[in-house]
Amino acid sequence: MATKRSRLSRSSDFQRIYRQGSSTASRFLVLYSFKRPAEADAEGPRLGLSVSKKLGGAVVRNRVKRLLREAVQGCAGHLAEEYDLVVIARPQLLELVARESTGEKGVVGAAVRELLVRAGVLNEVPGP
RNA sequence: GGGGCAAGCCAGGUGGCCGCGACGGGGCCGCGUCGCGAUGCUCCUUGGAGCUCGCGAGGCACCUCGUCGAGGAAAGUCCGGACACCACAGAGCAGGGCGCUGGCUAACGGCCAGCCGGGGAAACCCGAGGGAAAGCGCAACAGAGAGCAGACCGCCAGCGGCCCCUUUCGAGGGGUGCGGGUAAGGGUGAAACGGUGAGGUAAGAGCUCACCAGCGGUCCUGGUGACAGGCCGGCUCGGCAAGCCCCGCCCGGUGCAAGACCAAAUAGGGGAGCGUUUGAGGGUUGCUCGCCCGAGGCUCCCGGGUUUCGGUCGCAUGAGGCGCGCGGCAACGUGCGUCCCAGAUGGAUGGUCACCCACGACAGGAUCCGGCUUACGGCUUGCUACUGAG
RNA sequence: GCCCCCAUCGUCUAGCGGCCUAGGACACCGGCCUUUCAAGCCGGCGGCACGGAUUCGAAUUCCGUUGGGGGCA
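Summarised in this report is the structure supplied together with it. (Residues numbered from 1 in each chain as written. Chains lettered and ligands numbered in written order. Predicted model: local features only at pLDDT ≥ 70, side-chain atom pairs only at ≥ 80, totals over all residues. Heavy atoms only, no water.)

**Focus: the packing of helix α2 (residues 58-74) against helix α4 (residues 107-119)**
One way to put it is that α2 packs onto α4 with a least axis distance of 9 Å and a crossing angle of 60°. In this view, α2 runs oblique relative to α4, as classed from their interaxial angle. α4 is crossed by α2, and the crossing has right-handed handedness. In this structure, α2 contributes L67, L68, A71 and V72 to the contact, and α4 contributes V108, G109 and V112. In terms of residue class, the contact of α2 with α4 is made up of six nonpolar, one polar and no charged. (Axes fitted to C-alpha atoms, helices over the stretch in contact; angles between N-to-C directions. Helix = DSSP H or I, 4+ residues; strand = E, 2+ residues; numbered from the N terminus. Parallel < 35°, antiparallel > 145°, perpendicular 65-115°, else oblique. Left-handed = near helix turned anticlockwise from the far one by under 90°. Contact = heavy atoms within 4.5 Å. Nonpolar A, V, L, I, M, F, W, Y, C, P; charged D, E, K, R; others polar.)

Here it is, written out as structure tokens:
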């Protein structure tokens, strides 16, 4: 996870997931998930992130992306194979990012895990 | 000591563990490529093609080791360049920018040094700072008068009429009215046709004088120059050009999504009419000229396409950093030595633990460089005025 | 990333440097009219994105911020 191979790169991949995938949302995040066709050669789950400029400048956006990537990777062993995921950060996520900075660890991870469970791509619920 | 002003510097550090990007070395053979071999199998036209197996090479992925890995503003995109393309880039007009002087620079609207003006108690700071006797234009309201000025309240003597007072009966004084002189004072305004003082006068006025301000001079001195100082003259009205404009200088356009190469897929078809080197039509900068392309083009009809956000390069050795010397007040230039210091492409720097006088603020490269502007934490040094103590 | 444009009441917009304490329409509020509502009439509320500069004087001119919008494969 988090290597080049397991990241979504092409815009066409994003478009396919938006059009054909199913979506789940909370007030912090939006999750799109899509089961790849069998003939696709990639292996393992792939992740794409979308953090708009409304969230802040480049420093803030990079931090948000790092936290999200880390949170998804924390569930990596329990994720269903052959799924493509797109996680979109909403502006209210900034509250969780701020709490994370003041020492309240794991709130972003909890938000991500909740969505993954709801979307049904998490095989079993791991401990917090 | 707390203020003010200026200049310079830093951008948390060190170590451990986990994690990310690039490059390089090694390992491995999961995937595809190429080469060789086989007594193998299939097809068939001598000989080749395909499949299977084995060996080797180098590539992608993976594992491992090492090195490097954001900023002073990386930002805003406000200027200036480099670089690339536009059928070469030329001229004129239009348009845009700049504007004290001298220098620096690849260039600049930048920087340095100075001049002048303004602000401040000072240190110091700020200034788009050419031209208003080339022309056009603007100045609301108020005010008498605002662009060849003007006379409301005033001041002044004289003359004639009327009224009042005094009278030595000659006249004198006051008021009012008309025409006249004047612009000192009041009042309006952002701005009122030089200011202050003295003389002068009926009252006044550059009317005269002194100083100051301003203007002018084939004048003198200093300075490369902006300009400064002096002398002389006649006494003398401005403001706005970030209004149009004039003068001088500069600017071709588009921007790395520029542009070059590679791969895959699709298409580049047909008919009729017009027109032909004396040139249809098109391109080039907004226009004109000029230049370039030019048998192909235009009109109509039928049919089809204008796609894949593909990959590689451009893409990091440069007006480069650091140290020392020399020239220069400085910006900067130059010589020698030394170093290689991000190169991503859904886009990399973080997390955690320990210590350090604990946390740090603003904030993340995207073609590169020189500036400007904006955001922002701290440290050091110097200068300036004030206050307190000895 | 590169290159452009815009900003005036809640909305859509006028606005020659002075007549601007910024005009109009719709909306909103109050009143009149009507049995009531609508329409109509009268009145009110409400704005030059922000900070400097030029000017006697700035919504207007200039510079810088901020916030929107658009184009380029």
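Picking up after the structure, the text goes on.
**Quick word on the pattern of salt bridges**
Under the definition given, this model contains two salt bridges. Here E95 and R27 are joined by a salt bridge, their closest N and O atoms 3.7 Å apart. Pair noted here: E95 is in helix α3 (residues 93-101) and R27 is in the loop between β1 (22-25) and β2 (29-35), with a separation of 68 residues, a long-range link. For R27, a relative accessible area of 45% gives the class partly exposed. In this structure, R118 and E114 form a salt bridge, with 3.4 Å as the shortest nitrogen-oxygen distance. (Salt bridge = Lys/Arg side-chain N within 4 Å of Asp/Glu carboxyl O. Buried < 20%, exposed > 50% of the residue type's maximum accessible area, 1.4 Å probe, protein only.)

**A few points about the environment of T102**
Along the polypeptide, T102 turns up in the loop between α3 and α4. Accessibility expressed as a relative area gives 67% for T102, which makes it exposed.

**Overview of the environment of K53**
When you line up the elements, K53 lands in the loop between β3 (46-50) and α2. For K53, a relative accessible area of 68% puts it in the exposed group. Spatially, the C-alpha atom of K53 lies 15 Å from that of L29, the residues being 24 residues apart in sequence.

**Here we look at the pairing of strand β4 (residues 83-89)**
In terms of residue burial, β4 counts as a mostly covered element, since five of its seven residues are buried. Summarising the sheet, β2 and β4 pair through seven bridges and their orientation is antiparallel. Looking across to β4, one finds that L29 is bridged to A89. Pairing of β3 with β4, which is carried by five bridges, proceeds in the parallel orientation. (Pairing = 2+ DSSP bridges.)

These figures come from the coordinates and say nothing about function on their own.
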